[in-house]
Amino acid sequence: MKLSKRITQITGGGSDGWDVFYRARRMIDAGQNVVELTIGEHDIRTHPDILAAMDRAAVSGRTGYAEVPGSFALRDSVAARIAARTGVATTRDNILITPGGQSALFAAHSAVCDEGDTALYIDPYYATYPGTIRGIGARPVAIQAHAANNFQPKATDIAAVAKGATSLLINSPNNPTGVIYSAETLADIAGVCIQNDLWLISDEVYDTQIWEGDHLSPRALPDMAERTLVIGSMSKSHAMTGSRIGWVCGPPDVIEHLINLATHTTYGVPGYIQDAAEFAIAQGAPLEDEVSAPFKRRRLLTLKALEGQNVVRAVPVQGAMYVMLDIRATGMSGEEFANALLDAELIATMPGESFGKAAAGHIRVAMTINDEAYVDALNRLVAFAKSHAS
Ligand code: PMP
């Protein structure tokens, strides 16, 4: 039977640089002792206090159908958190609770793009971006942010393809590069959006992982709140990846339509997960800091491990749980390096090429194993690179 183009073309087909990842998985399944530095998943689990809140909610009966847009209490607390962090007046009417940031990305693009519309996104990009855009029937167009510019996108590059496009998706703090977009970059992006009447979809799921400089939400820039949809998630901030809870924050009329979308797709997020998220947010910054602390520590360990050599250079590690390493001095592509490192040292990393063309010649390292094993892996990675330097 024939399947729809929409569903069969989500991935775009072809080799997408994920071969190393799948090979590492097979090696692990076969019992090999592979050091796993590929995936953005904390090495700690959800905090026991959050789990206790989840349990209390479930036992008290929050296991039936829950509020489709999210409970008033949770939407209020997400709105208050956003207002406090950004200074932009935000109420529950600006918030739709979704099953994770991924679902929020899908919803946000559904809200603004029609079939065949052009949806822009920045390369290097989080792996699902082009597929999410294809999944709602729009046409993904990548704009490269260059290594030479520390992966900050340039307004001129965006403006060059913005005419006639519908939306622009950005992500800061950025996965995979670990870069935070500067105030200047974001002001330039806002300018291009206003000039070209683009929706801005701002993926801010790493907003609690800020190591250098400030995270600025572009929704707070002049005249941007009316054209910005912010993607948020409890996955990274509260180590709740498996609970599947996030949100879209945007103008109330958009949220109203997205509630209709939720009614006809997800039918909301389980009530006990919503209540646990509300509890987690109420714990404030101390809990967020506790969850992000290991990455903050390992970022410093990374910089230390890279000292005294220049074969492996880190892209400025400003935020998120990753470091992007420039390994071009070895003469290898990111894919060649990651494959060779996996074979020689049993260390699995992601080739830059898995995240688009712009990060070729780089590898992404997730700082997601215990400190000692992490430093050991980095030291071996550097020694391996040095032995291959041309
Ligand atoms: N955006 C970015 C940039 C991500 O890295 C991820 C997950 N790795 C997501 C969105 C989606 O996360 P979730 O659906 O778990 O909220």
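As the structure is a prediction and not an experimental result, all values here were calculated from the model.

### Re the nonpolar core
Core analysis: the biggest nonpolar cluster contains 64 residues, and Leu325, Phe337 and Leu381 have the highest contact counts within it. It is helix H14 (residues 371–388) that provides the largest number of residues to this core, a total of seven residues. Structurally, this core is a two-domain feature, drawing no fewer than three residues from each of domain 1 (5–45 + 286–387) and domain 2 (48–283). Ignoring any residue separated from it by four or fewer positions in sequence, one finds Phe337 in contact with Ile327, Thr330, Met332, Ile363, Leu381, Phe384 and Ala385. One finds Leu120, Phe151, Val192 and Leu221 within the second-largest nonpolar core, a separate group that totals 28 residues.

### Examining the site of the ligand
Neighbouring the ligand are 15 residues; Gly101, Asp203, Ser233, Ser235 and Arg244 lie closest to it. Here Lys236 contributes a side-chain N or O atom positioned 2.9 Å from a nitrogen atom of the ligand. In isolation the ligand exposes 400 Å². Once the protein is present, 93% of that is buried. Contributing elements (two or more residues each) for the shell around the ligand: helix H5 (100–112) and helix H9 (234–237). The greatest single-element share of the shell around the ligand, amounting to four residues, is contributed by H5. Of the residues assigned to the shell around the ligand, the class counts are five nonpolar, seven polar and three charged.

### A short note on the sheet that holds strand E12 (residues 350–351)
The four strands are arranged E9-E10-E13-E12 in an open sheet whose pairing can be described as antiparallel. The open sheet is flanked by strand E9 (313–314) and E12, the only strands paired with a single partner. Relative to strand E13 (residues 362–366), E12 runs antiparallel, the two sharing two bridges. Directly across from Pro351, in E13, lies its bridge partner Ile363.

### Quick notes on the domain arrangement of the chain
Under the domain assignment used here, the chain contains domain 1 (5–45 + 286–387) and domain 2 (48–283). Relative to domain 2, the C-alpha centre of domain 1 lies at a distance of 25 Å. With 36 residues of domain 1 at the contact, the number on the domain 2 side is 41 residues. Summing both partners gives a buried area of about 3200 Å² for domain 1 against domain 2, and 56% of it is carried by carbon and sulfur. Together, Arg6, Glu288 and Gln318 form the three largest contributors to the area buried by domain 1 at its contact with domain 2, with a combined 21%. At the boundary of domain 1 and domain 2, one finds four salt bridges. At the junction of domain 1 with domain 2, the criterion picks out 20 residue pairs in polar contact (both at pLDDT 80 or more).

### Examining the pairing of strand E3 (residues 118–123)
Side-chain direction in a regular strand flips from residue to residue, so the side chains alternate between the two faces of the sheet. Within E3, six of the six residues are buried, which leaves the element mostly enclosed by the surrounding structure. A two-sided burial pattern is seen for E3, the buried positions comprising Thr118, Leu120 and Ile122 on one face and Ala119, Tyr121 and Asp123 on the other. As paired strands, E3 and strand E4 (residues 139–144) are joined by six bridges and run parallel to one another. Looking at the pairing, Thr118 lines up with Arg139 of E4. Traced from E3 through helix H6 (residues 129–135) to E4, the parallel crossover comes out right-handed.

### Description of the pattern of salt bridges
For the structure on display, the rule yields 19 salt bridges. Of the charged contacts in the structure, one is a salt bridge between Asp207 and Arg81, with a shortest N-O distance of 3.6 Å. Highlighted residues: Asp207 in the loop between strand E6 (199–203) and strand E7 (228–233) and Arg81 in helix H4 (residues 72–86), separated in sequence by 126 residues. A single burial state applies to Asp207 and to Arg81, both of which are buried. A salt bridge links Arg85 to Glu288, with the nearest nitrogen and oxygen atoms 3.6 Å apart. Taken as a pair, Arg85 in helix H4 and Glu288 in helix H12 (residues 285–305) lie far apart in primary sequence, 203 residues in all. Through salt bridges that share partners, Asp43, Arg297, Arg298 and Asp371 make up one connected network.

### Considerations on the packing of aromatic side chains
Inspection of the entire model under this criterion finds seven aromatic pairs. Between Trp18 and Phe21 the ring centres are 5.2 Å apart and the planes differ by 75°, which places this aromatic pair in the edge-to-face class. As far as burial versus exposure is concerned, Trp18 and Phe21 are alike and both buried. One aromatic cluster in this structure is built from Trp18, Phe21 and Tyr22. Seen from the ring of Phe279, Arg56 lies directly overhead, with NZ or CZ sitting 5.7 Å from the centre. The lysine or arginine in question, Arg92, covers the ring of Phe72, its NZ or CZ lying 4.0 Å from the ring centre.

### A closer look at the pairing of strand E5 (residues 167–171)
Along E5, five of the five residues are buried, which leaves the element largely enclosed by surrounding structure. Burial along E5 is two-sided: Ser167, Leu169 and Asn171 facing one way and Leu168 and Ile170 facing the other are all buried. In this view, the connection linking E5 to its parallel neighbour E6 by way of helix H8 (residues 183–195) has right-handed handedness.

What counts and what doesn't
Residues numbered from 1 in each chain as written. Predicted model: local features only at pLDDT ≥ 70, side-chain atom pairs only at ≥ 80, totals over all residues. Heavy atoms only, no water. Core = buried A, V, L, I, M, F, W, Y, C linked by side-chain atoms within 4.5 Å. Buried < 20%, exposed > 50% of the residue type's maximum accessible area, 1.4 Å probe, protein only. Helix = DSSP H or I, 4+ residues; strand = E, 2+ residues; numbered from the N terminus. Domains from an automatic or database assignment. Contact = heavy atoms within 4.5 Å. Near = heavy atom within 4 Å. Polar contact = N/O pair within 3.5 Å; in protein donor to acceptor, adjacent residues only side chain to side chain. Areas by Shrake-Rupley, 256 points an atom, 1.4 Å probe, with all protein chains shown as cover. Nonpolar A, V, L, I, M, F, W, Y, C, P; charged D, E, K, R; others polar. Pairing = 2+ DSSP bridges. Buried area = accessible area lost by both parts, 1.4 Å probe. Salt bridge = Lys/Arg side-chain N within 4 Å of Asp/Glu carboxyl O. Right-handed = clockwise from strand over helix to strand, strands pointing away. Phe/Tyr/Trp six-rings, centres within 6.5 Å; stacked < 30°, edge-to-face > 60°. Lys NZ or Arg CZ within 6 Å of the ring centre and 35° of its normal.

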